[in-house]
Amino acid sequence: MPTSSASTTDSARSNGGGVQSLERAFDLLERMADAGGEVGLSELSASSGLPLPTIHRLMRTLVACGYVRQQANRRYALGPRLIRLGESASRLLGTWARPYLARLVEETGETANMALLDGDEIVYVAQVPSKHSMRMFTEVGRRVLPHSTGVGKALLANTPDEEVRALLRRTGMPAATEKTITTPEGFLAALEDVRRAGYAVDDNEQEIGVRCLAVSVPDSPTAAAISISGPAGRVTEAATERIVPVLQQAAAELSEALASSGG
């Protein structure tokens, strides 16, 4: 019977030894995320190459489980149950990063952080504080706007200009200090500097007296960056030349560890 045949196909093992229907369902969720979180079945069919009946069956299951919801316009959106999974995964990612952040503190003397891009905001998911009596502290879980942070610049450096402009329109560009970049053109120029130099700088832009150096984590399963922050009197231009290679090495090693663990 056709139904039995389709069911057998969906539950068959993939070439990689996994369950094909699970692989397809996760692929659809990722395609939805890439599309901004809401899509129609025909869009999913066009991008995935799967037939509409297969996609419809998988989406029905995801809706029943709460991972997808059907909108009034009959398009499908990522569901609220994914939030809990994402929050737990973010905490784990921060836990995995802590040994690398601790080594950054040992080698640079400054507070080390890890941050993710969550929607239009930056969220800090891990921190290891400096041992100096005068040190920077950012609460884990704190959310900030990307335009005034080193990690924000590092995370957005390779994002197309039109997408960056759209994000800035949504968030606005409020000034945290007198040195905060407050125009899209200024921020895009800063992103060009990041691409050219290979690292990002927050020079008194989030808080007067504080400098931050940041790099993205290559091939992270979600957009992530690590940084060090400290008093401007310690994180000088001369210190930057010493610290940036240490940051880049830590990011590369963290990337490799995440890849080897299946992260």
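Structure first, text after, so check above.
Scope of this entry: the structure provided in the associated data block. (Residues numbered from 1 in each chain as written. Predicted model: local features only at pLDDT ≥ 70, side-chain atom pairs only at ≥ 80, totals over all residues. Heavy atoms only, no water.)

For the rest of this paragraph, the subject is the pairing of strand S7 (residues 200-203). Covered by surrounding structure in S7 are Ala 200 and Asp 202 only, the residues Val 201 and Asp 203 on the alternate face being uncovered. When S7 meets strand S8 (residues 210-216), the two strands line up antiparallel, connected through 4 bridges. Directly across from Asp 202, in S8, lies its bridge partner Cys 212. Adjacent in sequence and paired antiparallel, S7 and S8 are bridged by 6 residues, among which Asn 204 carries a positive phi angle near 65 degrees. (Buried < 20%, exposed > 50% of the residue type's maximum accessible area, 1.4 Å probe, protein only. Helix = DSSP H or I, 4+ residues; strand = E, 2+ residues; numbered from the N terminus. Pairing = 2+ DSSP bridges.)

What follows deals with the pattern of salt bridges. Throughout the structure, instances matching the rule amount to 17 salt bridges. The salt bridge partner of Asp 27 is Arg 31, with a shortest N-O separation of 2.7 Å. On the criterion of helical spacing, the pair formed by Asp 27 and Arg 31 is a turn pair, its members being 4 residues apart in helix H2 (residues 20-34). We classify Asp 27 as partly exposed; its relative accessible area is 28%. Where salt bridges share partners, they join Lys 179, Asp 203, Arg 211 and Glu 237 into one cluster. (Salt bridge = Lys/Arg side-chain N within 4 Å of Asp/Glu carboxyl O.)

Next up on the list: the packing of H2 against helix H4 (residues 52-65). Helix packing for two helices is described by the angle between their axes and how far apart those axes are. At a minimum axis separation of 10 Å, H2 and H4 run at an interaxial angle of 80 degrees. Here H4 runs roughly perpendicular to H2, going by the angle between their axes. Facing H2, whose interface residues are Ser 21, Arg 24, Ala 25, Leu 28, Leu 29 and Met 32, H4 presents Thr 54, Ile 55, Leu 58, Met 59 and Leu 62. Considered class by class, the residues forming the contact of H2 with H4 number 8 nonpolar, 2 polar and 1 charged. (Axes fitted to C-alpha atoms, helices over the stretch in contact; angles between N-to-C directions. Parallel < 35°, antiparallel > 145°, perpendicular 65-115°, else oblique. Contact = heavy atoms within 4.5 Å. Nonpolar A, V, L, I, M, F, W, Y, C, P; charged D, E, K, R; others polar.)

For the rest of this paragraph, the subject is the pairing of strand S5 (residues 121-128). Two faces make up the sheet, and in a regular strand the side chains alternate between them. Of all 8 residues in S5, 7 are buried, a share of seventy percent or more. Between strand S4 (residues 111-118) and S5, which pair antiparallel in sequence order, lie 2 residues; one of them, Gly 119, sits at a positive phi of approximately 65 degrees.

If you walk across this open sheet you meet the 6 strands as S6-S5-S4-S9-S8-S7, and the pairing is antiparallel. Every other strand in the sheet has two partners, leaving strand S6 (143-144) and S7 as the edge strands with one partner each. This element, helix H9 (residues 237-260), spans S4, S8 and strand S9 (224-231) of the sheet and lies at about 35 degrees to S8.

Within the fold, Glu 256 resides in helix H9. Taking the relative accessible area as the measure of exposure, Glu 256 reaches 58% and is therefore exposed.

One finds Leu 101, Leu 104, Met 114, Ile 226, Ile 228, Leu 247 and Leu 254 to be the most contacted residues of the largest nonpolar core, which totals 29 residues. The set of elements that each furnish at least two residues to this core consists of helix H5 (81-108), S4, S5, S8, S9 and H9. For this core, the leading source of residues is H9, giving 9 residues. Ignoring anything within four residues of it in the chain, the contact list for Ile 228 reads Leu 104, Thr 108, Glu 110, Thr 111, Ala 112, Arg 211, Cys 212, Leu 213, Val 235, Ile 243 and Leu 247. Among the nonpolar cores identified, the runner-up in size contains 15 residues, and Val 39, Leu 50, Leu 58 and Tyr 67 belong to it. (Core = buried A, V, L, I, M, F, W, Y, C linked by side-chain atoms within 4.5 Å.)

It is worth spelling out the environment of Ser 255 at this point. Note on placement: Ser 255 falls in helix H9. When the C-alpha positions of Ser 255 and Pro 221 are compared, they lie 9.1 Å apart, and in sequence the two are 34 residues distant. In contact with Ser 255, not counting residues within four places along its chain, are Val 217, Pro 218 and Asp 219.

A separate point is the side chain of Asn 204. In this structure, Asn 204 sits in the loop between S7 and S8. Judged by its relative accessible area of 11%, Asn 204 falls in the buried class. A polar contact is formed between the side chain of Asn 204 and the backbone nitrogen of Gly 209, at a distance of 2.5 Å. In this view, Asn 204 contacts Thr 177, Lys 179, Gly 209, Val 210, Arg 211 and Ala 232; residues no more than four positions away in its chain are not counted. (Polar contact = N/O pair within 3.5 Å; in protein donor to acceptor, adjacent residues only side chain to side chain.)

Although it is not a glycine, Asn 204 sits at a positive phi angle of roughly 65 degrees. One non-glycine residue with positive phi stands out, namely Asp 219, at about 55 degrees. By the secondary structure assignment, Asp 219 is in the loop between S8 and S9.

To continue, consider the sheet that holds strand S2 (residues 68-70). Strand order across the open sheet formed by 3 strands is S1-S3-S2, with antiparallel pairing between neighbours. Of all the strands in the sheet, the pair left with one neighbour each is strand S1 (38-39) and S2.

The next thing to look at is the packing of helix H3 (residues 41-48) against H4. At a closest axis distance of 9 Å, the pairing of H3 and H4 adopts a crossing angle of 115 degrees. Like other packed secondary-structure pairs, H3 and H4 cross with a definite hand, here right-handed. Contacts from Leu 41, Ser 42, Leu 44, Ser 45 and Ser 48 in H3 reach Leu 52, Ile 55, His 56 and Met 59 in H4. (Left-handed = near helix turned anticlockwise from the far one by under 90°.)

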